[in-house]
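Observations on chain architecture
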Amino acid sequence: MKPINIYLIFLLIIIKISLAERIYIAYNNNDDETEYIESLIKRFNEISIKNNWDIHIVLSEYFNSDKLSNEEYHSRLSDLLNNETSNQLDLIIFENTYLTNYSDYLQNLKLFVPVESLNKYLTEIGKKISTYNNHVYSLPLYLNYGILYSNKEYLNKYGRAVPETWDELIETVQQITKSEKKKDEKSNITGYAGLMPMDDEDSICSLYEFLYSFRDDINDDIPNFRSQNAKASLEKIYEIKRKISTDEVFKLNSNELFNYMDQEKNNNNEKKILFIKNWYKKGYEDKYFISKLPGNKKGITASSIGGRSIGINKYLNNREIKNIAGKIIDFIISDENQMHSLLTHSKISGLDTIYYNKTFCSMEAVKDICGIYLNSQPVVRPYNISKSYKKYSSNIRNYLNEYIYNNKTTISAGRTLEKIDNILKVHYIEFKSLIGCFSFIASITTLTIILIFYILIFNYKWGKKFIFFSKTYWFIYLIGIGLIICYLIFNIGEMTLFKCHVKVLTLSIGLTLTSTLQCIKLISNAPSKSNLVLTFQKNFALILSSALWIDISLCSLLIFTQYENKIYYKNDDINFRRCEFPTIFSKLVLIILILYKILTILTQFIFIYMEWKDIFLKIDIKLLFCSNILSFIFGIIFIVICLIYNTDLNQYYLLKNIIVFNYCIVNLCFNFLSRFFVPLSYYEKNNINVKKYAKTFNEINDIDNDEIND
């Protein structure tokens, strides 16, 4: 071909690339997977030119020059997605464990990738990796599988098979090392490298593999952290480390182990490791048998899943760019491309169907990979469980390291697993707990006492002492105490948003039916005959109803504002939920509600002072004064606990329940039950006519003064 023709072809290609739609992709160009990702991009661009798709993928300028570590890359990606440059990233490649971190910025792929392609590509494992809150935010570019590398030289030398259980692994190592020691006392053989580095996510992968390998049946889910199976798995980790490994070897990370294996291929290692747990990587077949990991019993195994995922930026302004990005992902997950990746880069595909293609899997280049995929029993780390998975993982590693490597402590496997389980487990007051039983029994007992004693006031002997309210308003008053006492029951069980709203409503209305009702009564009974007093006397029910509507309105505003059922995470302690008002507006509404209640109590004190010498209500006024003093103190303590006390589940809810219970008991005893114990002689001594006890006090006050002897 003439040079001029070559030049023209080259120029034509340049023009086509320059006119093509550029899709900016974010990936770390400084890790082990860079070569694979760049070849994938190159292949797409070549096919795009060939098929006149007019699409060209380029690495974003934000990641084009700097050499970043894995953590630095994901940190920069988070920063970019959080500011105005986010719309300059079209496609995003990230480690699977970061899905929840980026879910707010990723597009639901169901909208831009053909449904048939998604359904074909997403196996059960794929769904666990790619789905969060029922949305498919990403798809795996490839999968990493944890496998066992077994030293061929020593297994063949002693005629040992690849172990299928952990006990077989221990027994095999002990036999080989014992035999080697007999031949050479200086032989340096370590039995097992467990891939449990102290500061690396790989240790979490190994932990979950052990847990999953201790299932009773192949179809069972991963054992609960508090189960005997989980305890046995953690004890087995420690047993393996103690019997056939060392701290130094057990702590080696994946790169360090691959470096060792590279040296072993060249026979440059004095130290020998018989069995190595690591991620699958092509090229070690000559020195190692590659197989699934052992289990607690034959037929049960486990393999942790890792890898990179790809997603579309949700905040792209141009919908057409999203459609193009969806087309690129559709190309990546196609059968043809996935087979190509397997053949050229030995990347395990998430596309299930290709492993059942006998012709394809009979090819020497992919035979091992097909075997790994079909024989492994994969387990996915719970990185979709929380927005703060990295912190969760770090906490697990701290407890795991303390158990496995701190030989000075005597912490048990059970206690370690209990701590791990408590990292994210949200506890609550159970009905069968001491606090739950107290709250339930106290509430039911109080409500029963209220009902019984209210019925008694219909008896003339007892009822004539209850002259402060009519029977109707005594009923309303007791309903208020009943509502407040129900607060104790709402604190039992799982704390839901519904309970958060109801608790505020019951306290607010309960206080209105008790404290506000008393305030209205005192104002209407004031010695002064001012317009205010007369208004309260004539519109008693209307004013009480208005007060109730104020409560309902303010509480409704709280319902329609942002409201959190916040979880308090505590290291080495149990987590629990408590209701909080996060926004300024909701805090303002709450402050108005509290000030409204405080104003009601202060108003009562003013009118109690004005009516202190009223002979007719002398006992009522003094008892009301005492109950208000105690109620005010209880209220202040309750607010302080709500604002600053959040360190312990049991103490937090116990203190609040005790305060509310005391408020109810004080008001019930001082303002209601105490009247049963006032002797009739008191009324006779003060010449108070109680024949009209069934009337309201307003009505009695209108009785001719001759009926009340001075």
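This one's a predicted model, so the numbers in the text were calculated from it and none came from an experiment.

Another point: the packing of helix α8 (residues 166-183) against helix α10 (residues 228-244). A packed helix pair is summarised by two numbers, namely the angle formed by the two axes and the spacing between the axes. Orientation of α8 relative to α10, taken along the N-to-C sense of each, is 5°, at an axis distance of 11 Å. Comparing their axes, α10 and α8 come out roughly parallel. Facing α8, whose interface residues are Trp 166, Asp 167, Leu 169, Ile 170, Val 173 and Gln 174, α10 presents Lys 236, Glu 239, Ile 240, Lys 243 and Ile 244. Class assignment for the residues of the contact of α8 with α10 results in six nonpolar, one polar and four charged.

All right, on to the pairing of strand β9 (residues 272-279) then. Counting buried positions along β9 gives eight out of eight residues, so the element sits mostly inside the fold. Bridge count between strand β7 (residues 144-151) and β9: five bridges; the pairing is antiparallel. Directly across from Leu 148, in β9, lies its bridge partner Lys 277. Across four bridges, the pairing between strand β8 (residues 189-193) and β9 is parallel. Residue pairing for β9: Tyr 192 is matched across the bridge by Phe 275.

On to the packing of aromatic side chains, then. With the rule as written, the count across this model stands at 34 aromatic pairs. For the ring pair Tyr 36 and Tyr 142, a centre distance of 5.6 Å and an interplane angle of 90° mean the geometry is edge-to-face. With Tyr 36 in helix α2 (residues 34-50) and Tyr 142 in the loop between β6 (139-140) and β7, the pair connects residues that are 106 residues apart, well separated along the chain. With respect to class, Tyr 36 is no different from Tyr 142; both count as buried.

Before going further, it helps to examine a negative patch on the surface. Judged by side-chain charge, Asp 216, Asp 217, Asp 220 and Asp 221 come together as a negatively charged surface patch. In this fold, Asp 217 is placed in the loop between α9 (202-212) and α10. Residue class for Asp 217 comes out partly exposed when judged on its relative accessible area of 35%.

About the criteria used
- Residues numbered from 1 in each chain as written.
- Predicted model: local features only at pLDDT ≥ 70, side-chain atom pairs only at ≥ 80, totals over all residues.
- Heavy atoms only, no water.
- Axes fitted to C-alpha atoms, helices over the stretch in contact; angles between N-to-C directions.
- Helix = DSSP H or I, 4+ residues; strand = E, 2+ residues; numbered from the N terminus.
- Parallel < 35°, antiparallel > 145°, perpendicular 65-115°, else oblique.
- Contact = heavy atoms within 4.5 Å.
- Nonpolar A, V, L, I, M, F, W, Y, C, P; charged D, E, K, R; others polar.
- Buried < 20%, exposed > 50% of the residue type's maximum accessible area, 1.4 Å probe, protein only.
- Pairing = 2+ DSSP bridges.
- Phe/Tyr/Trp six-rings, centres within 6.5 Å; stacked < 30°, edge-to-face > 60°.
- Patch = residues over 30% accessible without salt bridge, like charges linked within 9 Å, V, L, I, M, F, W, Y side chains within 5 Å.
- Areas by Shrake-Rupley, 256 points an atom, 1.4 Å probe, with all protein chains shown as cover.
- Salt bridge = Lys/Arg side-chain N within 4 Å of Asp/Glu carboxyl O.
- Lys, Arg positive; Asp, Glu negative; His and termini not counted.
- Charge placed at Lys NZ, Arg CZ, Asp CG, Glu CD.

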